[in-house]
Amino acid sequence: MAPGPWWRIGWRNLGRNRRRTLITAAGLAFGYLAVVLLVGWMEGLTAEMIESGTSTLSGQLQVHDLDYRPERKIYDTIGGRDGADVDRLLGEVAADPAIEAAAARVFGGGLVSSGEATTAGVLVGIDPARERRVSNLLRALTAGQPPEPGTNEILIGSEMARQLDVDIGDEIILVVPAADGSMGNDLYTVSGIFRSGLAELDASYAMMPIESLQTLVVLDPNRIHEIAASTVDPWLAPEAADRIRARLEPLGLGIEVEPWTRLRPEMLDYAQLAQAWNWVIIVIVFGIAIFGVLNTMLMATYERRREFAVMLALGTSPLAVARTVLAEALSLGVLSLVAGAIITFPVMIWFHNSPPDLSFLYGDYTFFGALIRPRLRVEYSLEMWLLTGIALLLTAIIASLYPAIRSARVPPADTLSGL
Amino acid sequence: MSGGRPLTVLRDINLEIEARSAVAIVGPSGSGKTTLLALLAGLDLPTAGSVTLDGQLLNDLTEDERATLRAEKVGFVFQSFQLIPTLTALENVLVPIELQARAAKHDGSEPERRARELLARVGLADREHHYPAQLSGGEQQRVGLARAFANRPKILMADEPTGNLDADTGGTVIDLMVRLNQEEGTTLLLVTHDTQLASKAHRIVRLSGGAVVEDRRVSAP
Ligand SMILES: Nc1ncnc2c1ncn2[C@@H]1O[C@H](COP(=O)(O)OP(=O)(O)OP(=O)(O)O)[C@@H](O)[C@H]1O
Ligand SMILES: [Mg+2]
């Protein structure tokens, strides 16, 4: 289609009433900012929840014996009673491009006591050097340090320490059912105390060197319950799990490789719910904006109905007149989008890189078993920028449909009435 | 539109206008001159009766088809000039050419040259890039004339083209219009109150109360 005179007219009309154009464009631009920011904040909250929920202890991907979950029997180790080549397994898992690090774990459950006080504890045998790159618990120490491999040192939660009334250097007694049906028991020295903010962890979890726990529960060094891994991006975990499953298949160990999306389906549900909310935000913000643009376009076209009558009299088809109005609205939309992007970009960068700290309003809180920091963290995605931009342009066009139809229906004979 | 009752403005009009002739339509205010012009140009459709323009029965055409017909065959000069305020003089003259180029689906290779030439012929070669607000009434109407001839119309319709101009300026505009009309070989349909102006036509049609009361040939086309 040849560029007719109408695009020119539409564009110049935006310049004719500059203040009105700017006010309307500013409204749309702020609508854009609001949507991108609100959606970004929702995504930030979701990302925070997933990261925190998976990295506190569980990791974003886990490998177990097929029979291990959900009972978590102490003898259901990877590779069964024969165990497996743990270093090789760790190497295979870590070789996946989406995997950042992998660590082996042994679990046990029993009684933890000091003096008169006794509490139930979940014991986790870890390799501190590897564990540090998979989960955050070793970084959440309020006192002391992680247990030293080759010693009977133990790291306990702050609530457990309070209940047992113990401190760094104090001794505690563990009594644990072992894999061979006997009861293992030994004396451990508290090397550190952690506080994750999650009540369950802080009250009942304790960590010790993996060989130490294996000895206590009578498991050979090649028998572990779990390999936990961290990913470079949590959303890559499901694909990574598929690849790793295929990679470990030939070993014939009878194992499961599960991403967090299957281990914690409620977090995935929440993430998907949050995504649905993005659309609600778009519809609400631009739904309001439609009325602003409609008002502007009604005024702008009503003032010019004589001009439209001239266009029609000179032989412009009603459809072409309607197109002129839509062209003008689209020009307004593009203008607003450029302005919106210009104001949004720096705000997003700023919010993303240094999220406003709201700890003066409220402290840490937990959400779906994840610890959320009180920050306005904002995540942005190119997809969301594009979708919001399209929504803005659609808003401008939808708001102009009625003014466009009205303009096309101006009677051309009005040009002769001498007004 | 106001009121609900149908109002008969024109009745029993039977008029045939020869190609290349100049016809003046005169009559008192409210006699239906403008209404007749709107019907002849296909801006409105009659409630009864038919209008044929250059062999084409307008009653049969859709709104879009009538618009296309106007773009191709009709030129307009309005009493209140009706230039598009956001376009320069040159761009205003270009509008009908661009519309016609589209209607005819051929792209006019020389629309700008045609528009410039017309502006020169109405004596506004140096005002091409001025907006209507920067021109006097007489100058605006001369741009209006250039625009009316831009698409080489078969018929030019003018409703009180001098109604908003003083006598001298009006005279200049009329002289220009008559000259362009002869040069371009256009049929001219002119509505006017001005008897002196009407006397320049080949034929004078007088309306009163919506009916033709006089149809006089003044000179041969
Ligand atoms: N849109 C309209 N709605 C109702 N009546 C109309 C309309 N347009 C014109 N009329 C009526 O039709 C009659 C003829 O009007 P028209 O404009 O054709 O007269 P005219 O001869 O051009 O008058 P003038 O010399 O004042 O321009 C008038 O009585 C007028 O009131
Ligand atoms: Mg009239």
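Residues numbered from 1 in each chain as written. Chains lettered and ligands numbered in written order. Predicted model: local features only at pLDDT ≥ 70, side-chain atom pairs only at ≥ 80, totals over all residues. Heavy atoms only, no water.

Some remarks on the domain arrangement of chain A
Counted only if it meets this: Per the annotation, domain bounds derive from an automatic or database assignment of domains.
Segmenting chain A into domains produces domain 1 (4-53 + 267-416) and domain 2 (59-263). Between the C-alpha centres of domain 1 of chain A and domain 2 of chain A the distance comes to 50 Å.

Here we look at the site of ligand 1
Residue and element names in this part refer to chain B. Here is the rule we go by: Whether a residue is near a molecule or strand depends on its heavy atoms: it is near if one of them lies within 4 Å of it. Here a polar contact is taken to be a pair of N or O atoms separated by no more than 3.5 Å, where protein atoms must pair a possible hydrogen donor with a possible acceptor and residues adjacent in sequence count only if both atoms sit in side chains. The method behind every accessible area is Shrake-Rupley, applied with a 1.4 Å probe, and residues are considered shielded solely by the protein chains displayed. Residues are grouped as follows: nonpolar covers Ala, Val, Leu, Ile, Met, Phe, Trp, Tyr, Cys and Pro; charged covers Asp, Glu, Lys and Arg; every other residue, Gly included, is treated as polar.
Ligand 1 sits among Leu7, Val9, Pro28, Ser29, Gly30, Ser31, Gly32, Lys33, Thr34, Thr35, Glu160 and His193. Thr34 is positioned such that a nitrogen or oxygen atom in its side chain is 2.7 Å from an oxygen atom of ligand 1. Contact with the protein chains covers 58% of the free accessible surface of ligand 1, which is 630 Å². Across the shell around ligand 1, the residue classes tally to three nonpolar, seven polar and two charged.

Digging into the interface of chain A and chain B
Here is the rule we go by: Any pair of residues with heavy atoms lying within 4.5 Å of one another is described as a contacting pair. What counts as a salt bridge is simple: a side-chain nitrogen of Lys or Arg found within 4 Å of a carboxyl oxygen of Asp or Glu.
The interface of chain A with chain B comprises 29 residues on the first partner and 28 residues on the second. Counting across the chain A and chain B interface gives one salt bridge. Here B:Glu91 and A:Arg12 are joined by a salt bridge, their closest N and O atoms 2.5 Å apart. Taken together, the links from chain A to chain B amount to six residue pairs in polar contact (both at pLDDT 80 or more).

Some points on the nonpolar core
Rule in force here: Only buried residues count toward a nonpolar core, which is a set of Ala, Val, Leu, Ile, Met, Phe, Trp, Tyr and Cys residues joined through side-chain atoms within 4.5 Å. Each residue is assigned to one of three classes by its accessible area relative to the maximum for its type, calculated with a 1.4 Å probe on protein chains only: buried under 20%, partly exposed between the two thresholds, exposed over 50%. Secondary structure elements follow DSSP: runs of H or I of four or more residues count as helices, runs of E of two or more count as strands, with numbering from the N terminus.
Judged by nonpolar contacts, the single largest core of 53 residues is most densely connected at A:Val35 and A:Phe286. Among the elements of the structure, helix H1 (5-16), helix H2 (18-55), helix H10 (265-302), helix H11 (305-313), helix H12 (318-353) and helix H13 (382-408) of chain A together with helix H3 (89-103) of chain B are those that each provide at least two residues to this core. Among the elements that make up this core, the one with the highest residue count is H10(A) (twelve residues). When near neighbours in sequence (up to four residues on either side) are disregarded, A:Phe286 contacts A:Gly31, A:Tyr32, A:Val35, A:Thr388, A:Ala391, A:Leu392 and A:Thr395. A:Val112, A:Leu219, A:Ala229 and A:Val257 belong to the second largest nonpolar core, which has 46 residues in total.

Structural notes on a negative patch on the surface
Going by this rule: Each patch is assembled from residues with relative accessible area greater than 30% and no salt bridge, linking like charges that lie within 9 Å and nonpolar side chains (Val, Leu, Ile, Met, Phe, Trp, Tyr) that lie within 5 Å. Counting rule for charge: Lys and Arg are taken as positive, Asp and Glu as negative, and neither His nor the chain ends is counted. For this purpose, a charge sits on NZ of Lys, CZ of Arg, CG of Asp or CD of Glu.
A cluster of acidic side chains, namely A:Asp165, A:Asp167, A:Asp170 and A:Glu171, defines a negative patch on the protein surface. Along the chain, A:Glu171 turns up in strand E6 (residues 171-177).

Topic: the packing of aromatic side chains
Residue and element names in this part refer to chain A. The following threshold applies: Aromatic pairs are defined between Phe, Tyr and Trp rings, using the six-membered ring for Trp, whenever the two ring centres lie within 6.5 Å; interplanar angles under 30 degrees are classed as stacked, those over 60 as edge-to-face, and all others as tilted. Ring-over charges, as used throughout, are those where CZ of Arg or NZ of Lys falls within 6 Å of the ring centre and within 35 degrees of the ring normal.
Scanning the model with the defined rule gives five aromatic pairs over all chains in all. Where Tyr32 meets Trp385, the ring centres are 6.4 Å apart and the plane angle is 70 degrees; that geometry is what we call edge-to-face. Here Trp385 lies in helix H13 and Tyr32 lies in helix H2, a separation of 353 residues in the sequence. Owing to a relative accessible area of 3%, Tyr32 belongs among the buried residues under this scheme. Ring geometry for Trp235 against Trp260: centres 5.4 Å apart, planes inclined by 70 degrees, an arrangement best described as edge-to-face. Placement of the pair is Trp235 in the loop between strand E9 (226-231) and helix H8 (237-248) and Trp260 in helix H9 (residues 260-263), with a sequence separation of 25 residues. A relative accessible area of 42% means that Trp235 is categorised as partly exposed. An aromatic cluster is defined as three or more aromatic residues linked by ring pairs; in this entry it consists of Tyr32, Phe345 and Trp385. If you follow Arg72 out to its NZ or CZ, it ends over the ring of Phe107, 5.8 Å from the centre.

Here's the deal with the environment of B:Lys154
Residue and element names in this part refer to chain B. As for its position among the elements, Lys154 is in the loop between helix H5 (137-150) and strand E5 (155-159). With 27 residues separating them in the primary sequence, Lys154 and Asn181 have C-alpha atoms 10.0 Å apart. Not counting residues within four places of it along the chain, the set of residues in contact with Lys154 comprises Asp54, Lys73, Thr186 and Thr187. For Lys154, the side chain forms a polar contact with the side chain of Asp54, separated by 3.2 Å.

Some thoughts on the environment of B:Leu40
All names here are of chain B. Looking at the element boundaries, Leu40 is found in helix H1 (residues 33-40). Overall, the relative accessible area of 18% leaves Leu40 in the buried class. Spatially, the C-alpha atoms of Leu40 and Val26 are 15 Å apart, while their sequence positions differ by 14 residues. In this structure Leu40 touches Ile17, Val51, Leu53, Leu58, Met157 and Leu189, once residues within four positions along its chain are discounted.

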